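# Structural features, examined
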Amino acid sequence: SQQGEEDPQALSIQEGENATMNCSYKTSINNLQWYRQNSGRGLVHLILIRSNEREKHSGRLRVTLDTSKKSSSLLITASRAADTASYFCATGNYGGSQGNLIFGKGTKLSVKP
Amino acid sequence: GAGVSQSPSNKVTEKGKDVELRCDPISGHTALYWYRQSLGQGLEFLIYFQGNSAPDKSGLPSDRFSAERTGGSVSTLTIQRTQQEDSAVYLCASSLFDRDYGYTFGSGTRLTVV
């Protein structure tokens, strides 16, 4: 079953605009992570936000976490064509026995020059 | 090595044949994970190795799938009697201790069953 689900499924913007992606999850978490995937191959870890944090920044990335709403958002500011990729949120089912991350289906971001 | 290495990058096989996919994790990473991703889809968890503990095989879709991890390092995912629905990108990731440390992914193996 899906733990993280991203919204929207696809997003198309112009270079220089901001891009916001949202993620909802179902169970209690220790942390939530965001990954980027280019060209359908390996994913790259972008940022991890812990359950006791509300906001975290890394360069042009800003992640927020609202545990009361079981949701997170990833904001990419001043987007570039190189940001074109799929973005996934991932977390774990910390109430269960499995030790793996569960990924959503991703948001496909297209940044037009 | 510096990153997670997977081989082969691409594999085309005939239906019914067996295939082996290899993953070489980052040295010192105790946790190793296999996922697969069908075209345009999310990641489907397959199996998780943690140190010398028994692996979590709960994601393997059928008994045609098996995996091992030798010496706490290299892992091999084997698919027997391949079917067309096995076509996907198979991704391996390792983590320093567990999922709370984040994953480092390999570039994946694209498997095509014809």
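Above this note sits the structure.
The following refers to the structure shown. Bear in mind that the values here come from a model prediction, so they are computed numbers and not experimental data. (Residues numbered from 1 in each chain as written. Chains lettered and ligands numbered in written order. Predicted model: local features only at pLDDT ≥ 70, side-chain atom pairs only at ≥ 80, totals over all residues. Heavy atoms only, no water.)

### Regarding the sheet that holds strand 7 (residues 61-66) of chain A
All names here are of chain A. Reading across from one edge, 1-3-8-7-6 is the order of the five strands in this open sheet, with antiparallel pairing throughout. Of all strands in the sheet, those bounded by a partner on one side alone are strand 1 (5-7) and strand 6 (55-58). Between one strand axis and the next, the sheet turns by 20° as a mean value, whatever way the strands run. Both strand 6 and strand 7 contribute to a ladder of four bridges, which runs antiparallel. If you follow Glu55 over to strand 7, its bridge partner there is Thr64. (Pairing = 2+ DSSP bridges. Helix = DSSP H or I, 4+ residues; strand = E, 2+ residues; numbered from the N terminus. Axes fitted to C-alpha atoms, helices over the stretch in contact; angles between N-to-C directions.)

### What about the pairing of strand 4 (residues 31-37) of chain B?
Residues and elements named next belong to chain B. Most of strand 4 is tucked away: seven of the seven residues are buried. Neither face of strand 4 is exposed, since Ala31, Tyr33, Tyr35 and Gln37 on one face and Leu32, Trp34 and Arg36 on the opposite face are all buried. Counting the residues in the hairpin turn of strand 4 and strand 5 (residues 44-50) gives six residues, including Gly40, whose phi is positive at 70°. (Buried < 20%, exposed > 50% of the residue type's maximum accessible area, 1.4 Å probe, protein only.)

### A few points about the interface of chain A and chain B
The interface of chain A with chain B comprises 23 residues on the first partner and 24 residues on the second. Of the roughly 1,800 Å² buried where chain A meets chain B, counting both sides, 45% is carbon and sulfur surface. Broken down residue by residue, the surface that chain A buries against chain B is led by Arg41, Gly99 and Phe103 of chain A, which jointly contribute 31%. Linking chain A to chain B there are zero salt bridges. At the boundary of chain A with chain B, the tally comes to 13 residue pairs in polar contact (both at pLDDT 80 or more). Listing elements by their share of the side of chain A that touches chain B, those giving two or more residues are strand 4 (31-37) and strand 5 (43-50) of chain A. The element that contributes the greatest number of residues to the side of chain A that touches chain B is strand 4 of chain A, accounting for four residues. Per-class residue counts for the side of chain A that touches chain B are seven nonpolar, 14 polar and two charged. (Contact = heavy atoms within 4.5 Å. Buried area = accessible area lost by both parts, 1.4 Å probe. Salt bridge = Lys/Arg side-chain N within 4 Å of Asp/Glu carboxyl O. Polar contact = N/O pair within 3.5 Å; in protein donor to acceptor, adjacent residues only side chain to side chain. Nonpolar A, V, L, I, M, F, W, Y, C, P; charged D, E, K, R; others polar.)

### Description of the side chain of Asn100 of chain A
Position of Asn100 of chain A among the secondary structure elements: in the loop between strand 9 (85-91) and strand 10 (102-103). A residue is classified by how much of its surface remains accessible, and Asn100 of chain A, at 2% relative accessible area, is buried. Not counting residues within four places of it along the chain, the set of residues in contact with Asn100 of chain A comprises Thr91 and Gly92 of chain A together with Tyr33, Tyr35, Phe45, Asp56, Arg99 and Tyr103 of chain B.

### Some points on the sheet that holds strand 6 (residues 65-69) of chain B
Residues and elements named next belong to chain B. Read from one edge of the open sheet, four strands run 1-3-7-6, paired in antiparallel fashion. Each edge of the sheet is formed by a strand with only one pairing partner; in this case those strands are strand 1 (5-7) and strand 6. Between one strand and the next, the sheet's axes are offset by a mean angle of 15°, whatever the strand orientation. For strand 1 and strand 3 (residues 19-24), the ladder comprises three bridges, and the chain directions are antiparallel. Note that in strand 3 the partner of Ser5 across the bridge is Asp24.

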